[in-house]
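# Structural features, examined
What follows is the residue order along each chain.
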Amino acid sequence: MQTTQLGTSNLHVSKICLGTMTFGEQNSEADAHSQLDYALERGINFIDTAEMYPVMPRAETQGSTERYIGTWLKKSGKRKDIILATKAAGPSRGFGWIRNGDTDLSPANIRAAVETSLQRLQTDYIDLYQLHWPSRNAPIFGQKSFDPALERPSVAIADTLGALDELVKAGKIRQIGVSNETAWGVGEFVKQAEQQSVARIVSIQNAYNLVNRSFEQGLDETCFRENVGLLAYSPLAFGQLTNKYNEDANAAGRLTRFPATWSPRYMRPTVFEASRRYAELARAHGLTPTQLALTWCYSRWFVASTIIGATNLAQLKENINAFDIHLPDELIAGVNAIHAELCNPGQ
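Residues numbered from 1 in each chain as written. Predicted model: local features only at pLDDT ≥ 70, side-chain atom pairs only at ≥ 80, totals over all residues. Heavy atoms only, no water.

### What about the overall build of the chain?
What the chain contains, in helices and strands, is twelve helices and ten strands. The globule rule puts the C-alpha radius of gyration for 347 residues at 20 Å, and the 19 Å found for the chain is close to it. Seen through its principal axes, the chain has C-alpha atoms that stretch 55 × 50 × 35 Å. With 347 residues in all, the chain has 58% of them scored as buried. Considering only intrachain contacts with a sequence separation of at least 6, the fraction spanning at least 24 residues in the chain is 76%. Of the roughly 13900 Å² of accessible surface on the chain, a fraction of 49% belongs to carbon and sulfur atoms. Averaging the positions of the 34 positive and the 36 negative side-chain charges in the chain gives two centres separated by 2 Å. (Helix = DSSP H or I, 4+ residues; strand = E, 2+ residues; numbered from the N terminus. Rg over C-alpha atoms; globule rule 2.2 N^0.38 Å. Buried < 20%, exposed > 50% of the residue type's maximum accessible area, 1.4 Å probe, protein only. Contact = heavy atoms within 4.5 Å. Areas by Shrake-Rupley, 256 points an atom, 1.4 Å probe, with all protein chains shown as cover. Lys, Arg positive; Asp, Glu negative; His and termini not counted. Charge placed at Lys NZ, Arg CZ, Asp CG, Glu CD.)

If you want it as structure tokens, here you go:
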């Protein structure tokens, strides 16, 4: 497994990251431990989680994912062998069970979020601490364009950065990153860090897949010039890019297990059509739809690490094995032709 330096940091992460948002909902604690063991056996050293996990977010299960990782860390003794990333929930998503609904990214909330994550993870430091989504109004989670009418009070980036810097200096976190961010947001985080001489972001965790290549519309240049690494999440677009939902509308997965209101961007008719087209293209080149979707992410120059998730070890094995596949120029041209006709339906 290849590794890469994450942004300007001293973190060297595997090109595949194990995502864990199914731990505690679709996966038991024993399943979670088996996945973590197998990932390490395959050379993956990068584990990503969040305080709000698992998904679907519920008061009854919130924090279970971190707790499962914590019990694995205690049992395995592998803390020094992994790069551990987690995230602080932001405001406005209606998660009243997290800090009694007070989830803005204020210094007090950042400190509280870090402390509770450390307790659940049974560790005294987090390698990469990320802001799960912005405090401010921003076009995320399927909102295709910025809407000034949705403006709301928000915590200044400078204040959030100041709190994160204190935690870095205290040794509780090593590096910081953002998630579900925009080009403006990345630039502002970098500018504020330089002006205040505080911790600088080294990564951005955003959706990137065959039906959502919006990262290529300005964020790619911003992150290249600012040396911020992309951690690509949802490479299979909630399972759509396996094409299983075209083959069986009732196929087991997040889009049938969870309400349609949780992931409306992946339920658009154009996403189903694009998934069908990419599946046909993959099979014409001797690949499965899953292999094409994952290899696309693995092979992009701007992707530092791709976050994969699985509900069983067979899926996890297939996802990791796809890293060794090479996409010929003819196949890449075919992908781009479909993209030109069906541009970012899952954005």
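### Quick look at the pairing of strand E5 (residues 83-88)
Of all six residues making up E5, six are buried, and the element is well covered by its neighbours. Along E5, one buried face is formed by Ile83, Ala85 and Lys87 and the opposite face, lined by Leu84, Thr86 and Ala88, is buried too. The pairing of E5 with strand E6 (residues 126-131) spans four bridges and is classified as parallel. Bridging from a neighbouring strand, lysine 87 pairs with glutamine 130 of E6. At this point the chain moves from E5, through helix H3 (residues 107-121), to the parallel E6, and the crossover so formed is right-handed. (Pairing = 2+ DSSP bridges. Right-handed = clockwise from strand over helix to strand, strands pointing away.)

### What to know about the side chain of aspartate 48
Position of aspartate 48 among the secondary structure elements: in strand E4 (residues 46-48). For aspartate 48, a relative accessible area of 2% puts it in the buried group. Only 3.1 Å separates the side chain of aspartate 48 from the side chain of glutamine 130, close enough to count as a polar contact. Excluding residues that lie within four positions of it along the chain, aspartate 48 makes contacts with Cys17, Leu18, Gly19, Thr20, Tyr53, Ala85, Lys87, Gln130, Gln205 and Ile307. (Polar contact = N/O pair within 3.5 Å; in protein donor to acceptor, adjacent residues only side chain to side chain.)

### Focus: the packing of helix H1 (residues 29-41) against helix H2 (residues 64-76)
Orientation of H1 relative to H2, taken along the N-to-C sense of each, is 60°, at an axis distance of 9 Å. Here H1 lies oblique to H2, going by the angle between them. Read as a crossing pair, H1 and H2 show a hand that is right-handed. Residues Glu29, Ala32, His33, Leu36, Asp37 and Leu40 of H1 pack against Tyr68, Ile69, Thr71, Trp72 and Lys75 of H2. (Axes fitted to C-alpha atoms, helices over the stretch in contact; angles between N-to-C directions. Parallel < 35°, antiparallel > 145°, perpendicular 65-115°, else oblique. Left-handed = near helix turned anticlockwise from the far one by under 90°.)

### Considering the nonpolar core
Counting residues in hydrophobic clusters, the biggest one holds 95 residues, and the most contacted among them are Ile204, Tyr208, Tyr278 and Leu292. Ranked by residue count, the leading element in this core is helix H10 (residues 289-299), at six residues. Here tyrosine 278 is in contact with Leu210, Val211, Leu241, Leu292, Val335, Ile338 and His339, once residues within four sequence places are set aside. By size, the runner-up hydrophobic cluster in this structure holds 14 residues, among which are Val13, Leu128, Ala207 and Tyr233. (Core = buried A, V, L, I, M, F, W, Y, C linked by side-chain atoms within 4.5 Å.)

### Some thoughts on the state of the cysteines
Per the stated rule, a full pass over the model turns up zero disulfides. Between cysteine 297, a free cysteine, and cysteine 17, which holds the nearest cysteine sulfur, the sulfur-to-sulfur gap is 13 Å. In this structure cysteine 297 comes out as buried when scored by relative accessible area, which is 0%. Cysteine cysteine 343 shares no disulfide, and the gap to the nearest cysteine sulfur, in cysteine 297, comes to 16 Å. With a relative accessible area of 44%, cysteine 343 lands in the partly exposed category. (Disulfide = S-S within 2.5 Å.)

### Structural notes on helix H9 (residues 269-284)
For the α-helix, the turn length of 3.6 residues means that residues three or four positions removed from each other point alike. With 16 residues, H9 should reach 22 Å at 1.5 Å per residue; the first-to-last C-alpha distance of 23 Å fits that figure. For H9, the complete set of buried residues consists of Val271, Ala274, Ser275, Tyr278, Ala279, Leu281 and Ala282. Buried residues along H9 cover an arc of 165° about the axis, so they all sit on one side. What points out from H9, more than 90 degrees from its buried face, is the exposed set Pro269 and Ala284. Looking at the buried residues of H9, the elements they touch are helix H7 (244-247), H10 and helix H12 (329-341). Where H9 terminates, the next one or two residues include glycine 286, which has phi positive at roughly 75°. (Expected span 1.5 Å × (residues − 1). Arc of directions from axis to C-beta.)

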